[in-house]
Amino acid sequence: MNRILLVEDDENLVFGMEYTLSSEGYAVTVAGSLEEARNALEAVNIDMILLDVNLPDGSGYTLCKEIRATSPVPIIFLTALDEEANIVAGLDLGADDYMTKPIRTKELLSRMKAVLRRNTKAKEEVSVWLSEHMEVRVLEGNVFKHNQEILLTAMEYRLLLMLMSHARQICSRTTILSHLWDSSGDFIDDNTLSVHIRRLREKIEDVPAAPQYILTVRGVGYKWNADVVGR
């Protein structure tokens, strides 16, 4: 299930869009301001952002620029600003698409699916992930640190990919558990996840007790604390 962050302060529009998106199988998190959106991005693993431009505490352009500095998460602007300059500004900041209000539901759903497909394909086409001293050869399933291969179990490898594919974003324990369970077909409980995190840290961290890559966000989950570049 893809989780959508809807950043919009129009309560009537939010009500209709949240109902529609939920009916289509999306999990929806709503933010009515830039501050609420930033908090949501810290707390929840987001697969796509639907972003208004004019918000009570600033511009959606500002948030888009902030996000693009650390994350490739898909962004679609939803706004009443329909001049070409506004559209170009949004796309130049890194948005994947731009729709003007009033929003046509079927068109929005179609564009969302297209953007998600492109994003998934782009991830699949990347064969190597680089993150500081770490290298993951995705197609081969091999992991290296300082050019030395690290041997991971299948579960540790899936956990590593999960965290690195959402670099600089917080992955909640619930999201990780769901992902690992779905991927492996095995039941993974909360205690088992803690064990896998500890063992993964022991293999990839210089000082496992003071991790630099896999940070614990107390009460929420974990975060890969380095940029990831694909090639």
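Structure's up top.
Residues numbered from 1 in each chain as written. Predicted model: local features only at pLDDT ≥ 70, side-chain atom pairs only at ≥ 80, totals over all residues. Heavy atoms only, no water.

S.K.: Got a sec to walk through the overall build of the protein? Specific residues and values, please.
M.R.: Scanning the protein from N- to C-terminus turns up eight helices and 15 strands. In terms of overall size, the protein behaves like a compact globule, its C-alpha atoms giving a radius of gyration of 19 Å where 231 residues would be expected to give roughly 17 Å. Reported as C-alpha extents along the three principal axes, the dimensions of the protein are approximately 55 × 35 × 30 Å. Taking the intrachain contacts of the protein between residues at least 6 apart in sequence as the baseline, contacts between residues at least 24 apart amount to 60%. When the accessible surface of the protein is split by element, carbon and sulfur atoms take 49% of a total near 12,100 Å². (Helix = DSSP H or I, 4+ residues; strand = E, 2+ residues; numbered from the N terminus. Rg over C-alpha atoms; globule rule 2.2 N^0.38 Å. Contact = heavy atoms within 4.5 Å. Areas by Shrake-Rupley, 256 points an atom, 1.4 Å probe, with all protein chains shown as cover.)

S.K.: Please give an account of the pairing of strand β8 (residues 128–131) that cites residues and values.
M.R.: Bridge count between β8 and strand β9 (residues 134–137): four bridges; the pairing is antiparallel. Within the sheet, the bridge partner assigned to S131 lies in β9 and is M134. Taken together, β8 and the strand that follows it, β9, pair antiparallel across an intervening segment of two residues, in which E132 is found at a positive phi of about 55°. Relative to strand β15 (residues 229–230), β8 is paired through two bridges, and the arrangement is antiparallel. (Pairing = 2+ DSSP bridges.)

S.K.: Please set out the sheet that holds strand β10 (residues 142–145) residue by residue, giving values where relevant.
M.R.: Each strand in a sheet pairs with its neighbour through backbone hydrogen bonds, running either in the same direction (parallel) or in the opposite one (antiparallel). Reading across from one edge, β11-β10-β9-β8-β15 is the order of the five strands in this open sheet, with antiparallel pairing throughout. In this open sheet, the two edge strands, each paired with only one partner strand, are β11 (148–150) and β15. Pairing geometry for β10 and β11, over three bridges, is antiparallel. Across the sheet, residue V143 finds its bridge partner in β11, namely I150. Each of β8, β9 and β10 is contacted by helix α6 (residues 154–164), which is oriented at about 110° to β9, the strand it contacts most. (Axes fitted to C-alpha atoms, helices over the stretch in contact; angles between N-to-C directions.)

S.K.: Help me get a handle on the nonpolar core, residues and values and all.
M.R.: L163, I176, I204, I214 and W224 are the most contacted members of the largest nonpolar core, which has 27 residues in total. Elements supplying a minimum of two residues to this core: β9, α6, α7 (173–184), α8 (190–204) and β14 (221–224). In terms of nonpolar packing, the next biggest core, distinct from the first, is built from 21 residues, A31, L51, Y61 and Y98 among them. (Core = buried A, V, L, I, M, F, W, Y, C linked by side-chain atoms within 4.5 Å. Buried < 20%, exposed > 50% of the residue type's maximum accessible area, 1.4 Å probe, protein only.)

S.K.: Run through the pattern of salt bridges, naming residues and quoting values.
M.R.: Considering all chains together, one arrives at 12 salt bridges under this definition. Between K101 and E8 there is a salt bridge, with the nearest N and O atoms lying 2.8 Å from each other. Note that K101 is positioned in the loop between β7 (97–100) and α5 (105–125) and E8 in the loop between β1 (3–7) and α1 (11–23), a separation of 93 residues in sequence. Relative accessible area serves as the criterion here: at 3%, E8 is assigned to the buried category. In this structure, E202 and R198 form a salt bridge, with 4.0 Å as the shortest nitrogen-oxygen distance. With a gap of four residues between them, E202 and R198 both fall in helix α8, about one helical turn apart. The exposure class assigned to E202 is partly exposed, which follows from its relative accessible area of 49%. In this structure, a network of salt bridges that share partners links the residues D97, R104, E107 and R111. (Salt bridge = Lys/Arg side-chain N within 4 Å of Asp/Glu carboxyl O.)

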